[in-house]
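Chain by chain, the residues run as shown.
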Amino acid sequence: MRLTQLRSFYAVARMGSFTKAAEHLHVSQPTITTQVRFLEESYKVELFHRSGRRVQLTQLGEQLMQLAQQVFSLEADAVSLLGDAGELRTGHLRVAAVGPYHVTKMLADFSQHYPDIKVSVSTGNSQDVLDRLLDYRADVGVLAQLVRDDRFLSVPFSRHPVGIFTSTSHRFAKRRSIRLAELQGERMILREQGSTTRKALELALEKTRVVPDVVMEISSREVIREAVAQGIGIAAVSEVEYVPGPGLHMVGISDADIFTYAHVLCLAERRSMRMVKAFFDTVSPPVEGAPRFSRKK
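Parameters and conventions
- Residues numbered from 1 in each chain as written.
- Predicted model: local features only at pLDDT ≥ 70, side-chain atom pairs only at ≥ 80, totals over all residues.
- Heavy atoms only, no water.
- Helix = DSSP H or I, 4+ residues; strand = E, 2+ residues; numbered from the N terminus.
- Buried < 20%, exposed > 50% of the residue type's maximum accessible area, 1.4 Å probe, protein only.
- Areas by Shrake-Rupley, 256 points an atom, 1.4 Å probe, with all protein chains shown as cover.
- Lys, Arg positive; Asp, Glu negative; His and termini not counted.
- Charge placed at Lys NZ, Arg CZ, Asp CG, Glu CD.
- Pairing = 2+ DSSP bridges.
- Axes fitted to C-alpha atoms, helices over the stretch in contact; angles between N-to-C directions.
- Parallel < 35°, antiparallel > 145°, perpendicular 65-115°, else oblique.
- Left-handed = near helix turned anticlockwise from the far one by under 90°.
- Contact = heavy atoms within 4.5 Å.
- Nonpolar A, V, L, I, M, F, W, Y, C, P; charged D, E, K, R; others polar.
- Polar contact = N/O pair within 3.5 Å; in protein donor to acceptor, adjacent residues only side chain to side chain.
- Expected span 1.5 Å × (residues − 1).
- Core = buried A, V, L, I, M, F, W, Y, C linked by side-chain atoms within 4.5 Å.

J.: Honestly, the overall build of the protein chain in this entry has me stumped. Any pointers?
T.: When helices and strands are counted, the protein chain shows 9 helices and 12 strands. Counting all 297 residues of the protein chain, 46% fall into the buried class. Surface exposure of the protein chain reaches about 16,600 Å², of which carbon and sulfur atoms provide 50%. With 39 positive and 33 negative side-chain charges, the protein chain shows a separation of 2 Å between the mean positions of the two kinds.

The structure is reproduced here in C-alpha cells:
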C-alpha cells in the first residue's frame, strides 16, 4: 500500500465523495477512484458503500479511517518538527474542551503569543475529549478533572470556588454567603453523575454529614438555571461557570473550601511536539504547586 493511496481513501472518507476529495487534493477524480479501487482490489475488501455520488464507510473503512487519522496527524507533526526552528508562524492547533468556561483564558493567552496560528475548538464531555486526543483529532485537551492514565500528560491550570445559586425568592437570596450546614434538608438540583461540580460538593457534604433533599438530577446547565429560577430548588455551580440572570442569585459557602479545577492535557507521546509544547508554555502559570510542563513524568 502506498501513502498516496491511503491519502486518497482518507480524503474521500473525510469529504464524503470522490469529487470533493479530488478537489481537495487538487487531482482528477479518476485518479482518486483508481487509488481507492487499488486498495480494495489488492486486499479484497470493501471500504465504501456506494450509492450514486454518495459514499459511506463500511465497518472496515471506519477502522481504517481511524488509523489514517493517526498516520496523517503524525505526518503533520513530522512536518512541524522539521519546519522552521524559529517562532511558529503557521499551523493549526486543535483543542478539545469540556466547555467554553475553562478554555477561553488559555486561548486568549495562546493567540496573543501566536496570532497567526489557526485554532479550532470542539466541546463535549470528558470522554469525548479523551477520545479526540487518542485518535489524533485533537492536539490538546481541557478537562475539569485529573486524568490518572499514563497515556496522558495532565497539568493543573486553575481552580474555581463552588457556590450555590438560588431564585431571588429564596431565603438565601438576601445573603452573600451561607454555611454548609444550612444546606441540610434544602431542596437541591444536582448535575448528572460524573459532574466534577457535583463530586466536589458531595465530598464536602459527606465530610460534614449534611444531607440536602435532592429533588432532581439534570445534565443541562441551561435547564438547571431555569429550574432554579422557577423555585424548584437550589443548585451548586463553579463560579467560573455561573452566568447571572433575572431571577437568580449567587451565594458563596463561607466555611468550606470547595473547588473545581481546570486541567490541560495531551498525549504523553506528543508532549514534545512544537505546537503542543507552545500551547503549554504560553498559557498562564498553573495553580500553585503544580508541575511545569517541562518536567518529566
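This is not the end of the story, as more comes after the structure.
J.: So what exactly am I meant to see when it comes to the pairing of strand S11 (residues 248-253) here?
T.: Relative to S11, strand S6 (residues 152-167) runs antiparallel, the two sharing 4 bridges. Residue pairing for S11: Thr 166 is matched across the bridge by His 249. Taken together, the 2 bridges between strand S7 (residues 177-178) and S11 define a ladder with parallel strand orientation. Within the sheet, the bridge partner assigned to Ser 177 lies in S11 and is Gly 252.

J.: Sorry if this is basic, but what is going on with the packing of helix H5 (residues 100-113) against helix H9 (residues 274-282) here?
T.: Two measures define how a pair of helices packs: the angle their axes make with one another and the distance between the axes. It is the contact of H5 with H9, at a shortest axis distance of 9 Å, that shows an interaxial angle of 110 degrees. With respect to H9, the element H5 is oriented roughly perpendicular. In this structure, the crossing between H5 and H9 has a hand that is right-handed. For the pair formed by H5 and H9, the contact residues are Met 106, Leu 107, Asp 109, Phe 110 and His 113 on the first element and Met 275, Ala 278, Phe 279 and Thr 282 on the second. Residues that form the contact of H5 with H9 fall into these classes: 6 nonpolar, 2 polar and 1 charged.

J.: Honestly, the side chain of His 170 in this entry has me stumped. Any pointers?
T.: Here His 170 shows up in the loop between S6 and S7. For His 170, the side chain forms a polar contact with the main-chain nitrogen of Phe 172, separated by 2.9 Å. Separated by 3.0 Å, the side chains of His 170 and Glu 186 make a polar contact. Dropping the residues within four chain positions of it, His 170 is found in contact with Glu 186 and Ile 234.

J.: Would you take a moment to explain helix H7 (residues 196-208) for this structure?
T.: Every α-helical turn comprises 3.6 residues, leaving residues that sit three or four positions apart pointing alike. For H7, with 13 residues, the first-to-last C-alpha span of 19 Å sits near the 18 Å given by 1.5 Å per residue. Of the surrounding elements, those touching the buried residues of H7 are S6, strand S8 (187-190), strand S9 (213-217), strand S10 (234-238) and strand S12 (259-267). With a side-chain oxygen lying 3.4 Å from the backbone nitrogen of Thr 197, the N-terminal cap of H7 falls on Ser 195. Phi turns positive, to about 60 degrees, at Arg 209, one or two residues after H7.

J.: What is the right way to look at the packing of helix H1 (residues 3-15) against helix H2 (residues 18-25) in this model?
T.: Contact geometry of H1 with H2 gives a least axis separation of 8 Å together with a crossing angle of 120 degrees. Overall, the two elements H1 and H2 adopt an arrangement that is oblique. For the pair H1 and H2, the sense of crossing is right-handed. Contacts from Arg 7, Ser 8, Ala 11, Val 12, Arg 14 and Met 15 in H1 reach Phe 18, Lys 20, Ala 21, His 24 and Leu 25 in H2. The residue inventory of the contact of H1 with H2, partitioned by class, reads 6 nonpolar, 2 polar and 3 charged.

J.: Explain the environment of Glu 62 here, please?
T.: Tracing the chain through its elements places Glu 62 in helix H4 (residues 59-82). The exposure class of Glu 62 is partly exposed, given its relative accessible area of 45%. Residues Glu 62 and Ile 189 lie 127 residues apart in sequence; the distance between their C-alpha atoms is 40 Å.

J.: Looking at this structure, how should I read the nonpolar core?
T.: In summary, soluble globular proteins display a tendency toward joint burial of nonpolar side chains. Ranked by internal contacts, the top residues of the largest apolar core, which has 25 residues, are Leu 93, Met 106, Phe 110, Val 140 and Phe 279. Counting residues per element, the ones that place at least two in this core are strand S3 (92-97), H5, strand S5 (140-143), S6, S12 and H9. When residues of this core are assigned to their parent elements, the largest contribution, 5 residues, is made by H9. When sequence neighbours within four positions are dropped, the list of residues in contact with Met 106 reads Val 142, Phe 157, Ala 262, Val 264, Phe 279 and Val 283. One finds Leu 6, Ile 32, Leu 39 and Leu 47 within the second-largest nonpolar core, a separate group that totals 20 residues.

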